[in-house]
Amino acid sequence: MRISNSQTLKIIAILVLTYLVIGAVATPAAARYASPEGSNAGIQAGDTVFNGERGLNFSALQPSPPLLPPLWLACDDGGSALALQALNNDAVLTGRVNVASAYLDRPFKLYNDTWGSAICTISQPTGTIEVRTGTALGTDVDPKRTDTRTPAVIPATMNVQFKLDTTNLNNGKFVNPWYEYTLRTPGGVPISTVTNMAGNTVSLEGLDGDPSADNNVLAFSIADQHPNPEEGTYVMTFTAYNGNDAFYTTEYRFDVVRYTLAASVSPSTVSMDETTTLTIKGKPYTHYTIVIEDTMDGKPELLVTGNYDIYVDKYNATVHPDWSGTVSVPLYLPTTTGDSSHTTRSYYPKIYETRNPSTSTTVQVMVEPGGSTKEIVLDDSKLSDDEYYCLGDAIHVTGRLGKPAPDEMDIYFYITGPNLGSNGAKPSNPRISVVDGDTGTFDSVHISKGQTEFEFRWETGNTALTASTYTLFATVNPTGYKSRGLIETDVKDYREIDLNQPSINVMFPQEAPGFFAQGDHIVSLWTARGSPAKNGYTGKIRYYIFGSNLKYTGIREFPLLKVDESATDEQMSALAEKSDYPGYSGLNLPRSFSANLSEGEYTVVYQHPMNNQAFDVRPTQGDAYSGALTTLNISSGERVDVSALQTAAAVNALKDAITSPLVDDSLVIQTFTVEKPVVSINPIQNYEVGEAIPVTGTTNLECPIYHPYNQIDLPGDTISLAIYAADMYYAGKTQSTERIYSARATPAKTATGATSRVVSFTIPAERSAQMRAGDYVAVIKCEDIKYEKEILFTLHEEGYRKANSLVSPPTGEEFITSPPPTGWATPTTTLYVPTPFAIATTQAPSENPLGYETAFSLLSALAISCTLLFAARRR
């Protein structure tokens, strides 16, 4: 059937009208003036636009008659055109606004060797997220102007509004919904809809108006989002949009905790006519009332100079914590006379939540009848329940005198314990027994006149002590245990210290449970106690790896303090004062190491230098050597040649050397397997044009591994997927214009007991709808380890399954089943019971759309235009 030119033009007109209707539905209404480029695209004279925006239409700035192409938007610098931004013939920006800082906030006009007259301004987006709270949101007190607006910690039950501080984005005349917030939980879950303080469900997306304005509708508490909200680090992200493209983002990290009322006084023991400090921990900007109801004379008094909201009298006042969750006030202990002034007295100030008196606590203030420099108090250990001291650690001991030193003086220290002299022994050299009056038999520290506090560091390495419990004493006189008097009060001049044997405990992380692909990192985790091979804040562990044609040794230097790689000197010093020396680290061998290994099982041996902090067994090349292992030197003078031994025999030779009676080193053994890299993709069958196509499978490639205290932070292998039409691919046409779809992913974290990891992609339905039925090639690559494979599959026409009586193909989830347990060897000599590591959940990167939808729309419009021109010529 022939179609006349007039019929053709009618059909084309209908197509054009349809396309314009679809475009009108799909395109948001413009905020500045109507423009096909999208929301906020049309620019009026005097408008402000921002670096990063795209698709902007500057045709409203055209003079009459309009400037002819070629057109630019340019900074008018006294007639010189600077910072030119290319426009098309319709005065539409061809890329993103990109103006150097020197030209920001200056006049821009249309330019083509002559100037237009209308002006717009280009600015850099500004503004950061801050937190608003106060009485309007339910607290007892409004924050002061000087209080921070970016607290590090926010109570779970506090209503807050996240808003921008002073921002210039309001000057852009954005009137349609143009920005959003996204709250991400500690588990990585994004939240864009919340229950606000009024109990209403509100969306954090599609917001308009001023993002820096107070808005109670957007105020909410974390506790209202879930009955038992996670405590941990949350992230709030602000995103401003131009059409569908984000052109400005900023984020704010904060911790969420559930506050409980607590209080303390420091010092807790004072004398009359002295002042102590009462510190209250509670919810920020909440009223707490302090009452002193004791009936005994000399009870504490609230000084009028305290930081109060309400001061009733010296026994009753109300205060509030700021964002730190703490508030401190001074307590004065008045002088009394009579018998009570010669006895020790205790008082118990009470603190309660003003609006909820049932929430209360008390503190004890002890008043001594008088102080003396002979009264010494040693502080308790600062270690947590899961930490302990080992021989080789430096133990930081702090204490104080009952009264400031009247002049310069020495404080003396001695220890008692198993196999030591009955009068005590010198801590730094327990072979020396204490002799009263002989200062050389004590350790000591010197303090100055007026000084009260003191500190003593006990280095327990090379002391010949055995693992046991010891008691450290302090005295102002050089006299030992036999001369020590009884203690009549709670003041303690001693501290009990448990010293354990040095140890090393090892494990493979769950993410890498004993199997590694060639070309990936080989990792393990350990905690080594007893300050191994200590040098300042660092220590060393030696390791050996034995396997097929491999005998290798290396030395690992690592922080002896529980820190990640970003720790500062100040943090290291603070931890050192706490004497926290667990020695967290592990193997983290580079890709090049495993790339050169054969497939098979390998044995790794970890060596701790133990009490003498010296490796009594070492490679013949010396302590610092890393490389091929041939000969071992033993401190007794023996040499062991392992160069010709098979794996098992070499391991046994090393074990025999280390377990020699003349060697105090210890070892732990693990085994691991090295495999060829593999990505096994499940069959891609029976999918039709227009369906989402899952590409799923398993792999032994590396997933993200993050253990900051062990100095391990690996992003995982990046696996890419590229889809090509088979005929084009085999013809060698693999450039980006021939690529149908591409994406990247990282293997999922290893499930417990798994022997492989899941990797998955999805070709979106909208992308599949643009593909023709036929054969395709999926190319899987991992450039990190030079891996590549091809998968051929067929995409069928719509209705193929129905015509061939086939069931629907799997969605991808059916492939992800529970993997069978593996038999990887665990450490064979020491059970590993580490402090819980802070393991961050790392998500695989999401697919990055390549912009085919936009390109398809533009090509459609171009095709219609060409058709109209062709039809006009035929007429």
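Located above this text is the structure these notes cover.
### Details of the pairing of strand β32 (residues 429-433)
- Here strand β31 (residues 425-426) runs beside β32; their pairing, made up of two bridges, is antiparallel. Its bridge partner lying in β32, A425 is registered against S433.
- Linking two consecutive strands that pair antiparallel, namely β31 and β32, is a turn of two residues.

### Description of helix α4 (residues 647-658)
- Under the 1.5 Å per step criterion, the end-to-end length of α4 is 17 Å for 12 residues, consistent within 8% with the ideal 16 Å.
- Looking at α4, one finds that the buried residues are A650, V651, A653, L654, A657 and I658. For α4, the arc enclosing every buried residue in end-on projection is 160°, short of the 170-degree limit, so these residues lie on one face. The outward face of α4, more than 90 degrees from its buried face, is lined by the exposed residues A648 and D656.

### Observations concerning the sheet that holds strand β46 (residues 617-619)
- In spatial order, the strands read β46-β48-β49; together these three strands make up an open sheet with antiparallel pairing. In this open sheet, the two strands that pair with only one neighbour each are β46 and β49 (639-641). When the angles between neighbouring strand axes are averaged without regard to direction, this sheet yields 25°.
- As paired strands, β46 and strand β48 (residues 631-634) are joined by three bridges and run antiparallel to one another. Residue R618 lies in a different strand from β48, and its bridge partner there is N633.

### Describing the nonpolar core
- Membership of the largest hydrophobic core comes to 36 residues, with the highest contact counts inside it found for F162, L169, Y181, M236, F238 and F254.
- Among the elements of the structure, β6 (129-132), β8 (161-164), β9 (179-184), β13 (232-242) and β14 (245-257) are those that each provide at least two residues to this core.
- The biggest single contributor to this core is β14, with five residues.
- Once you skip the residues sitting within four places of it in the chain, L169 turns out to touch F50, P125, T126, L164, F174, W178, F238, A240, F247 and Y248.

### Here's the deal with the environment of P151
- With respect to the element layout, P151 can be found in the loop between β6 and β7 (153-155).
- Taking the C-alpha atoms as reference points, P151 and S324, separated by 173 residues in sequence, lie 7.8 Å from one another.
- In this structure P151 touches V131, Y252, F254 and W323, once residues within four positions along its chain are discounted.

### Observations concerning the sheet that holds strand β29 (residues 394-401)
- Sheet architecture is open: three strands sit in the order β27-β29-β34, paired in antiparallel fashion. Both outer strands of the open sheet, β27 (376-378) and β34 (453-459), are each paired with one neighbouring strand and no more. This sheet shows a mean twist of 30° between the axes of neighbouring strands, independent of strand direction.
- In this structure, β27 lies alongside β29, joined through three bridges in antiparallel fashion. In the strand pairing of β29, L378 is matched with G399.

### Regarding the pattern of salt bridges
- Summed over all chains, the structure comprises 22 salt bridges.
- The salt bridge partner of K534 is E459, with a shortest N-O separation of 3.7 Å. With K534 in the loop between β40 (525-529) and β41 (538-547) and E459 in strand β34, this pair connects stretches of sequence that are 75 residues apart.
- For K534, a relative accessible area of 23% gives the class partly exposed.
- In this structure, the salt-bridge partner of R591 is D717, at a minimum N-O distance of 2.8 Å. Taken as a pair, R591 in helix α3 (residues 591-595) and D717 in the loop between β55 (712-714) and β56 (719-725) lie far apart in primary sequence, 126 residues in all.
- Members of the salt-bridge network, linked through shared partners, are D520, R591, D717 and D784.

### Some remarks on the pairing of β13
- As paired strands, β9 and β13 are joined by six bridges and run antiparallel to one another. Its bridge partner being in β13, Y179 is matched across the sheet by A240.
- Note that β13 and β14 share 11 bridges and pair antiparallel. Within β14, the position partnered with T237 by the bridge is E251.

### Let's talk about the side chain of N423
- Structurally, N423 can be placed in the loop between β30 (409-416) and β31.
- Reaching out from N423, the side chain makes a polar contact with the side chain of D436 at a distance of 3.1 Å.
- Residue contacts for N423: discarding those within four places in its chain leaves Y414, V434, D436, G480, Y481, K482 and S483.

### Focus on the packing of aromatic side chains
- In this structure the tally under the stated criterion is 37 aromatic pairs.
- Measuring from centroid to centroid gives 6.0 Å for F473 and Y494, while their planes differ by 45°, and the two rings are tilted. Of the two residues, F473 sits in strand β35 (residues 468-475) while Y494 sits in strand β36 (residues 494-500), which places them 21 residues apart along the sequence.
- Owing to a relative accessible area of 5%, F473 belongs among the buried residues under this scheme.
- Of the aromatic side chains, those joined through ring pairs into one cluster are F50, F174, W178, Y179, Y181, F238, F247 and Y248.
- Directly above the aromatic system of Y494 lies the positively charged group of K492, at a separation of 5.7 Å from the ring centroid.

### Some points on unusual backbone geometry
- For the bond from S64 to P65, the omega torsion is -5°, close enough to zero to count as cis.
- In this structure, P65 sits in the loop between β1 (48-50) and β2 (71-77).
- Cis geometry is found at the peptide bond from P69 to P70, where omega equals -5°.
- Of note, P70 is situated in the loop between β1 and β2.
- For D113, which is not a glycine, the phi torsion comes out positive at approximately 85°.
- Residue D113 is classed as exposed on the basis of its relative accessible area of 65%.
- Despite not being glycine, S805 has its phi angle at roughly 55°, a positive value.
- Following the sequence through the fold, S805 ends up in the loop between α7 (800-803) and α8 (852-874).
- Residue classification places S805 among the exposed residues on the basis of a relative accessible area of 68%.

Reading the values: the criteria
Residues numbered from 1 in each chain as written. Predicted model: local features only at pLDDT ≥ 70, side-chain atom pairs only at ≥ 80, totals over all residues. Heavy atoms only, no water. Pairing = 2+ DSSP bridges. Helix = DSSP H or I, 4+ residues; strand = E, 2+ residues; numbered from the N terminus. Expected span 1.5 Å × (residues − 1). Buried < 20%, exposed > 50% of the residue type's maximum accessible area, 1.4 Å probe, protein only. Arc of directions from axis to C-beta. Axes fitted to C-alpha atoms, helices over the stretch in contact; angles between N-to-C directions. Core = buried A, V, L, I, M, F, W, Y, C linked by side-chain atoms within 4.5 Å. Contact = heavy atoms within 4.5 Å. Salt bridge = Lys/Arg side-chain N within 4 Å of Asp/Glu carboxyl O. Polar contact = N/O pair within 3.5 Å; in protein donor to acceptor, adjacent residues only side chain to side chain. Phe/Tyr/Trp six-rings, centres within 6.5 Å; stacked < 30°, edge-to-face > 60°. Lys NZ or Arg CZ within 6 Å of the ring centre and 35° of its normal.

Just geometry here; none of it tells us what the structure is for.
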